[in-house]
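# Analysis of the macromolecular model
The primary structure of each chain is shown beneath.
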Amino acid sequence: MCAAQNLLRDAFPVRRYGKVEAAFYEAHRFISRRVRKDFTIRRVRSIWEGKARRIDSEEMDALRAALVEESRREQRELTARLASLDEKIAAFKAAAHREALARPFSEMGR
């Protein structure tokens, strides 16, 4: 059960959803569309808490798919954040360069 619990927590991190209940809701929404049986929020909670007695292969497959999706989402966000930081650094360097060119030559020799 530990593997399913870890997959669930990694695929639906509380830091993204703000509250555990919100993570449960998103997990329920995602997984219930991918399994044939009735998958409830109560089932999500039992997996989250490590109290589920068994995990079906369909559930494990859905948890793995959720982890892949979360990883892709996180990668997109990190890529966007890095691009934003690159732009800020480039703007700072350009401003510093313009400032250096604007200084009179007499100041540069000091």
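Located above this text is the structure these notes cover.
The text that follows walks through the structure, step by step, so that each part is easy to find. Because the structure is a prediction, the values reported are computed rather than measured. (Residues numbered from 1 in each chain as written. Predicted model: local features only at pLDDT ≥ 70, side-chain atom pairs only at ≥ 80, totals over all residues. Heavy atoms only, no water.)

Helix and strand counts for the chain come out as 6 helices and 0 strands. Counted from the first residue to the last, the chain has its helices and strands arranged as α-α-α-α-α-α. Taken along the three principal axes of its C-alpha coordinates, the chain extends 80 × 20 × 20 Å. The buried share among the 110 residues of the chain stands at 25%. For the chain, the accessible surface area stands at approximately 8100 Å², while carbon and sulfur atoms represent 53% of it. A distance of 2 Å separates the average location of the 25 positive side-chain charges in the chain from that of its 17 negative side-chain charges. (Helix = DSSP H or I, 4+ residues; strand = E, 2+ residues; numbered from the N terminus. Buried < 20%, exposed > 50% of the residue type's maximum accessible area, 1.4 Å probe, protein only. Areas by Shrake-Rupley, 256 points an atom, 1.4 Å probe, with all protein chains shown as cover. Lys, Arg positive; Asp, Glu negative; His and termini not counted. Charge placed at Lys NZ, Arg CZ, Asp CG, Glu CD.)

Counted according to the given criterion, the structure contains 3 aromatic pairs. Residues Phe12 and Phe30 carry aromatic rings whose centres are separated by 6.1 Å and whose planes lie at 65 degrees to one another, so their mutual orientation is edge-to-face. One end of the pair, Phe12, is in the loop between helix H1 (2–11) and helix H2 (14–17); the other, Phe30, is in helix H3 (residues 20–32), with 18 residues separating them in the sequence. Phe30 matches Phe12 in its accessibility class, with the two residues each being buried. Where Phe24 meets Trp48, the ring centres are 5.4 Å apart and the plane angle is 75 degrees; that geometry is what we call edge-to-face. Here the residue Phe24 occupies a position in helix H3, and Trp48 occupies one in helix H4 (residues 41–48), the gap between them amounting to 24 residues. Residue Phe24 shares its accessibility class with Trp48, and that shared class is buried. Just above the ring of Phe30 sits the side chain of Arg34; from NZ or CZ to the centre is 3.5 Å. (Phe/Tyr/Trp six-rings, centres within 6.5 Å; stacked < 30°, edge-to-face > 60°. Lys NZ or Arg CZ within 6 Å of the ring centre and 35° of its normal.)

Tracing the sequence through the fold places Gln5 in helix H1. Classification of Gln5 as buried rests on a relative accessible area of 16%. Sequence spacing of Gln5 and Arg45 is 40 residues, and the spatial spacing of their C-alpha atoms is 9.7 Å.

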